Amino acid sequence: MAHKINKIAVLTSGGDSPGMNAAIRSVVRTCAFMKLKCVAVYRGYQGMIDGDFEEMDARSVNNIINKGGTILKSARCEEFRTPEGRKKAYGQLVKNGIDAFVVIGGNGSFAGGLKFNEEFNFPVMGIPGTIDNDILGTSYTIGFDTAINTVVEVIDKIRDTASSHNRLFFVEVMGRDVGHIALNAGVGAGAEEILIPEQNLGLDRLLDSLKRSKKSGKSSSIVIVAEGDKIGKNVFQLKDYVEEHLPIYDVRVSVLGHMQRGGNPTCFDRVLASRMGVKAVEALMEDKTNYMVGIRNNKLILTPISEAIKAHTPVDEELIRVSDIMTT
């Protein structure tokens, strides 16, 4: 049955990522362009349950395209995982005359939207916003490009001090389940070794690589470690192991942490978010629901949310091959 849509809500959920504000702006202004009402939902699904809504127009989103984070805030919401919590959220949407919503987030946020649609036949559209770039159905998620540029910039600075003191640096980046950030930033920053969850390279290979680097004349080295890498329980244990077996190295650890989530979004992320926001509203008006907007070969596509959340996007095997050649 076709849904008549006059008012669309937009929310951000899960971990924040640079470019979310640009996506919010795009949804709001596309609604304004199409003469639709748009409602902001604050604090993700928790705000939906609490009825924390605010109507927005084109001017409400002035000067946010360049800002990191999300003006709508984000929150984990255990209550939305329950049928009772989702029923409360549905009641708030109906009470406020909202006909559909766009959720900007990752796998968990999409799974919540999918469940909500199944229970209430409520139109839902997803926009992938996560720095991990780990969602099936899109080559890029909003925030990934900004995150890897942030990491490369920091590694360039770390390399300056590593060279000055003849040190080995382990740099831990985000990526509990996938190594997209580590692999791309490692190649871009010229790391001597890249450790990612998808490849269990083993401690012996790491030691051999470091020995080769030393023998070839390198006085300092950078090793990028995704937080989900399997060869050590954590980056500090890797440091201890290397110091024990290669005492010639003065080893330091730098954990980049949440700085990867912050900062002004790159032009790529701003443009991507703007395109995805327009597509999300247009798709809802075409009576499509339970889809995620993605991009492949620079063309926007729609992927069923049920497919998008099935698994993580695999890392690029060609880039792994390039990495192996570059670390020779």
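Here goes a summary of the coordinates provided. (Residues numbered from 1 in each chain as written. Predicted model: local features only at pLDDT ≥ 70, side-chain atom pairs only at ≥ 80, totals over all residues. Heavy atoms only, no water.)

## Quick look at the pairing of strand S8 (residues 221-226)
Stated formally: Each residue is placed in one exposure class: buried if its accessible area under a 1.4 Å probe, protein chains only, is under 20% of its type's maximum, exposed if it is over 50%, and partly exposed if it falls in between. Numbered from the N terminus, helices here are DSSP runs of H or I no shorter than four residues, and strands are runs of E no shorter than two. Whether two strands pair comes down to DSSP finding at least two bridges between them.
Counting buried residues along S8, six of its six residues qualify, which places the element largely inside the surrounding structure. Burial along S8 is two-sided: Ser221, Val223 and Val225 and Ile222, Ile224 and Ala226, pointing in opposite directions, are all buried. Sheet topology note: the strand S6 (residues 167-173)/S8 ladder contains six bridges and is parallel. Among the inter-strand pairings, Glu172 is bridged to a residue of S8, identified as Val225.

## Quick notes on the sheet that holds S8
Basically, it comes down to this: Axes, fitted as lines to C-alpha atoms, cover a helix only where it is in contact. Angles between the N-to-C directions of the axes lie from 0 to 180 degrees.
With respect to topology, four strands assemble into an open sheet ordered S7-S8-S6-S9, the strand pairing being parallel. At either end of the open sheet lies a strand with only one pairing partner, and these are strand S7 (193-195) and strand S9 (250-255). On average, each strand axis in the sheet is inclined to that of its neighbour by 20°, with strand direction left out of account. Bridge analysis of S7 against S8 gives three bridges, and the strand direction is parallel. What sits directly across from Leu195, in S8, is Val225.

## Remarks on the packing of helix H3 (residues 83-95) against helix H4 (residues 107-120)
Note the cut-off: Working rule for angles: under 35 degrees goes down as roughly parallel, over 145 as roughly antiparallel, 65 to 115 as roughly perpendicular, anything else as oblique. We call two residues contacting when some pair of their heavy atoms lies within 4.5 Å. Each residue gets one of three labels, nonpolar for Ala, Val, Leu, Ile, Met, Phe, Trp, Tyr, Cys and Pro, charged for Asp, Glu, Lys and Arg, and polar for the others, Gly among them.
Viewed as axis vectors pointing N to C, H3 and H4 meet at an angle of 75°, and their least axial separation amounts to 11 Å. Here H4 runs roughly perpendicular to H3, going by the angle between their axes. Judged by residue contacts, Arg86, Lys87, Ala89, Tyr90 and Leu93 of H3 engage Lys115, Phe116, Glu119 and Phe120 from H4. Residue classes in the contact of H3 with H4 are distributed as five nonpolar, no polar and four charged.

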